[in-house]
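Secondary and tertiary structure notes
If you want the building blocks of each chain, they are given just below.
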Amino acid sequence: MILGCHVKMTSPLFVEGSVREALSYGANALMLYTGAPQNTKRRPVSEMHIPEAKALMAENGIPMEHMIIHAPYLINPANSVRPEVMELAKEFLASELQRTAEIGAVNLVLHPGSYTVTDPETGIRACIETLNGLHEIPENTVICLETMAGKGSEIGRTFEELAEILEHLDQKEKYGVCLDTCHINDAGYDVSDFDGVLDEFDRIIGLKLLRVIHLNDSKNIRGARKDRHANLGCGTIGFENLLKAAQNPRVQHIAKILETPYVGDNPPYAKEIAMLRSGIYEEGWEEHLK
Ligand code: FE
Ligand code: FE
Ligand code: ZN
């Protein structure tokens, strides 16, 4: 099973530290932001200990495809209201793609954005315009649009909305999708019937475009349109359903990334990954971690 989690990317070891953190959890995949997710301040990639990070990945037999980069959530490609925001989104996204390529990663996960005060159709058109405004997408990088919960004015809540965006992109071969189990639950999909979800995904988007899975439980009921991640087995989806999704042979080759919350001050990932690998859930595990 290809399992990873969201890890830090901070001084002094930067990306090398990210890989070390992931390995300490028993992960064979990871996801990181290239800087603080809420701002655009970024350090040059040359200072991020990339050769050391790559050597560690190679030593542990982890391909660079399983190092996922997440774009900061301040980028709103669907904002058509303020042209300067759209311009910033375009510029920053272009530089983020460049960084992803310099790091040697492949998949850059991006939220399609929020339409703010307009309407979903206007937001979808703005998102298409922003993405088609990216002139050069580096050769090996792929932008993975994430399935969203539909909180507030988020677009990308349904597979149909993502399909509509994908259909209108100029460089279709440069795009893929990241499926987030918490988000699709909150959007109304039934994660307990993961094969059914994959069938629908395949019919509307095409399963070959699925490149990353975010494996999270949800604090809210199906269809709540909330987006609050829960630890595995501590939410409304439940451990067994998430385990079945992670074990599904149709997505065997795809990295599953945990974005579950810390328990008190402690990262839950070593425990969650171990439970997924063994297939055995330990009732009350999160209480012991506190
Ligand atoms: Fe995300
Ligand atoms: Fe996610
Ligand atoms: Zn989320």
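What this report covers is the structure whose coordinates are included nearby. Along each chain, residue indices are assigned from 1 in the same order as the chain's sequence is written. To label them, take the chains in the order written and letter them from A, then take the ligands in the order written and number them from 1. In keeping with the predicted nature of the model, local features appear solely for residues at pLDDT of at least 70, side-chain atom pairs appear and are counted solely at 80 or more, and the whole-chain, interface and lining totals rest on all residues. With hydrogens and water stripped out, all remaining heavy atoms of the structure feed into the side-chain values.

1. A word on the coordination of the zinc ion (ligand 3)
Looking at the metal site, the zinc ion (ligand 3) is ligated by His183 (NE2), Asp227 (OD) and His229 (NE2), spaced 2.0 to 2.3 Å from it. Think of the donor list as every N, O and S atom within 2.8 Å of the metal, or within 3.2 Å for Na, K and Ca; water never makes the list, so a site can look incomplete. Counting the intervening residues between successive donors of the zinc ion (ligand 3) yields the motif H-x43-D-x1-H. The distance between the zinc ion (ligand 3) and the iron ion (ligand 1) is 5.4 Å. Placement of the pair is His183 in helix H6 (residues 181-187) and His229 in strand S9 (residues 229-230), with a sequence separation of 46 residues. You'll find His183 and His229 in the same group, each marked buried. Segments assigned H or I by DSSP are reported as helices when at least four residues long, segments assigned E as strands when at least two residues long, and all are numbered from the N terminus. Each residue is placed in one exposure class: buried if its accessible area under a 1.4 Å probe, protein chains only, is under 20% of its type's maximum, exposed if it is over 50%, and partly exposed if it falls in between.

2. Describing unusual backbone geometry
Geometrically, the link from Ser11 to Pro12 is a cis peptide bond, its omega value of 5° lying close to zero. Topologically, Pro12 is positioned in the loop between strand S1 (3-6) and helix H1 (14-24). In this model, Phe14 sits at a positive phi of 50°, which is unusual for a non-glycine residue. Mapped onto the elements, Phe14 comes out in helix H1. Despite not being glycine, Thr116 shows a phi value in the positive range, around 55°. Inspection of the secondary structure assignment puts Thr116 in the loop between strand S4 (107-110) and helix H4 (120-132).

3. Points about the nonpolar core
Working definition of a nonpolar core: buried Ala, Val, Leu, Ile, Met, Phe, Trp, Tyr and Cys residues. They are joined through side-chain atoms within 4.5 Å. Ranked by internal contacts, the top residues of the largest apolar core, which has 82 residues, are Met67 and Leu131. Residue contacts follow a heavy-atom distance rule, with two residues in contact if any of their heavy atoms lie within 4.5 Å. Apart from the residues lying within four places of it in its own chain, the contact partners of Met67 are Val15, Val19, Leu30, Leu32, Met57, Ile103, Ala105 and Val106. One finds Ala29, Met31, Ile68 and Val142 within the second-largest nonpolar core, a separate group that totals 12 residues.

4. Quick look at the packing of helix H5 (residues 159-167) against helix H7 (residues 194-204)
In contact at an axis separation of 9 Å, H5 and H7 are set at 30° when each is read in the N-to-C sense. If you check the angle between H5 and H7, you find them roughly parallel. The way H5 lies across H7 gives a crossing that is right-handed. Two secondary-structure elements touch here, H5 through Phe159, Glu160 and Ala163 and H7 through Val197, Glu200, Phe201 and Ile204. A breakdown of the residues in the contact of H5 with H7 according to their chemical character gives 5 nonpolar, no polar and 2 charged. Every axis corresponds to a line fitted to the C-alpha atoms, with the helix fit spanning only the stretch in contact, and the corresponding angles, defined between N-to-C directions, vary from 0 to 180 degrees. Throughout, the term roughly parallel applies to angles under 35 degrees, roughly antiparallel to angles over 145, roughly perpendicular to angles from 65 to 115, and oblique to all others. Each crossing is labelled by how the near helix is turned from the far one, with a counterclockwise turn of less than a right angle marking it left-handed and a clockwise turn marking it right-handed. Throughout this entry, Asp, Glu, Lys and Arg are counted as charged residues, while Ala, Val, Leu, Ile, Met, Phe, Trp, Tyr, Cys and Pro are counted as nonpolar. The remaining residues, Gly among them, count as polar.

That is the geometry; function is a separate question.
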